[in-house]
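Coordinate inspection notes
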Amino acid sequence: MANFSIERCTIDYSEAISRNNGRAFWEQPMWRMNWPVDMTRDYLVGVMEKRGFMRLLQDRESYRHQMAVDLDTRAVLGYIRWQLPESALGGGGGGGSGTDVPPWPEAQVPDVSPEELEKYRSLRDTTPWTPRTDMDELDDVNDAILKRIMAERPYIKLDYLAVAPENWGKGIATALVKSGIEAAEKLGLSIFVFAFKEATGVYRRLGFVERERSIQDDTKFGGNGQYNVYFMVYEFRRPA
Ligand SMILES: CC(C)(COP(=O)(O)OP(=O)(O)OC[C@H]1O[C@@H](n2cnc3c(N)ncnc32)[C@H](O)[C@@H]1OP(=O)(O)O)[C@@H](O)C(=O)NCCC(=O)NCCS
């Protein structure tokens, strides 16, 4: 059993997080087919390493980032990203605290100086991100469903979850998701996730239910015919 803890991400871990993420998603068929066939995993991981700093720092107000860290080696074993709904930011109901303390501060990435921020912004902007664009028709269908469900009420969005393959099956994703559920319960908010099939077992076991699924044939784009997405929610229930 891995000996790890769930911690907020800091910029010092950015490259290790990006390596974890790139290597995890490379194993995810639907994600991988978004890239030109001649792109290698290591090239893409290198791109993600450069752009990852800014991903951790952008929209600090609404994004929360957590990582699973090996307590012996300090290696990054997994990563999760959440986005708080507008209603939870800056006070007023819907989970907002109404104070100057940001909601769920334990998962907010510490800020950097304006000079550092500019350096990371420039690194992102000069490192091209070039996924295929010819599959937009598939993603448009999924985006429409996502937007419709997300508009129903303020949800925390589980925005990204990745565990590199050598660490699969050790309960790391489960621990990361659980930690966000605990935060959501404290904020009185439900959670939405746009899930790939491989992760649905983790979500279901933790109490998420499937609201809708989208099954599309992607063979004309080189896929295996299963461009499948599961729209799942964890419902916050106010204690009676
Ligand atoms: C899905 C993922 C996050 C699971 O991470 P993990 O740390 O191995 O998950 P846990 O150990 O907490 O839970 C393991 C469960 O997930 C299942 N699982 C994990 N990876 C899987 C995979 N690639 N394919 C099928 N099932 C998988 C295991 O079978 C196990 O389920 P079980 O207990 O019912 O047997 C990880 O495989 C990953 O990062 N995949 C690539 C990126 C991705 O798909 N992210 C999810 C986006 S919604």
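In what follows, the structure referred to is the one given above.
Residues numbered from 1 in each chain as written. Predicted model: local features only at pLDDT ≥ 70, side-chain atom pairs only at ≥ 80, totals over all residues. Heavy atoms only, no water.

1. Regarding the sheet that holds strand S2 (residues 63–70)
Here is the rule: Following DSSP output, two strands are said to pair if at least two bridges run between them. The helix count covers DSSP runs of H or I at least four residues long, the strand count covers runs of E at least two residues long, and both are numbered beginning at the N terminus. Interaxial angles span 0 to 180 degrees and are taken between N-to-C directions of axes, which are lines fitted to C-alpha atoms, for helices over the stretch in contact. Contact between two residues is taken to exist if any of their heavy atoms lie within 4.5 Å; hydrogens are not considered.
Pairing is mixed in the open sheet, where seven strands are placed in the order S1-S2-S3-S4-S5-S7-S6. The open sheet is flanked by strand S1 (4–8) and strand S6 (209–216), the only strands paired with a single partner. The sheet shows a mean angle of 20° between the axes of neighbouring strands, direction not considered. As judged from the seven bridges shared by S6 and strand S7 (residues 227–234), these two strands associate in the antiparallel manner. Paired with serine 214 across the bridge in S7 is valine 229. Sheet strands touched by helix H1 (residues 14–25): S2, strand S3 (76–83) and strand S4 (155–162). Its angle to S3, the strand with the most contacts, is close to 90°. Sheet contacts for helix H3 (residues 41–57): S2, S3 and S4; angle to S2, the most-contacted strand, approximately 125°.

2. Here we look at the packing of aromatic side chains
Here is the rule: Here a Phe, Tyr or Trp ring, Trp counted by its six-membered ring, pairs with any other such ring whose centre lies within 6.5 Å, and the pair is stacked when the planes are under 30 degrees apart, edge-to-face when over 60, and tilted otherwise. The rule is simple: take the accessible area with a 1.4 Å probe, protein chains only, and divide by the maximum for that residue type; under 20% is buried, over 50% is exposed, in between is partly exposed.
Here the structure, examined in full by the defined rule, presents 14 aromatic pairs. Ring geometry for tryptophan 31 and tryptophan 35: centres 5.6 Å apart, planes at 55°, overall tilted. Assessed through its relative accessible area of 14%, tryptophan 31 is described here as buried. The exposure class assigned to tryptophan 35 is buried, which follows from its relative accessible area of 6%. Centroid distance tyrosine 79 to tyrosine 160: 5.7 Å. Interplanar angle 65°. Geometry classified as edge-to-face. Of this pair, tyrosine 79 sits in strand S3 while tyrosine 160 sits in strand S4, and the two are 81 residues apart along the sequence. For the pair tyrosine 79 and tyrosine 160, a shared accessibility class is recorded, and that class is buried. Among the aromatic residues, those joined into a cluster by ring pairs are Phe25, Trp31, Trp35, Tyr79, Trp129, Tyr155, Tyr160, Phe192, Phe194, Phe196 and Phe231.

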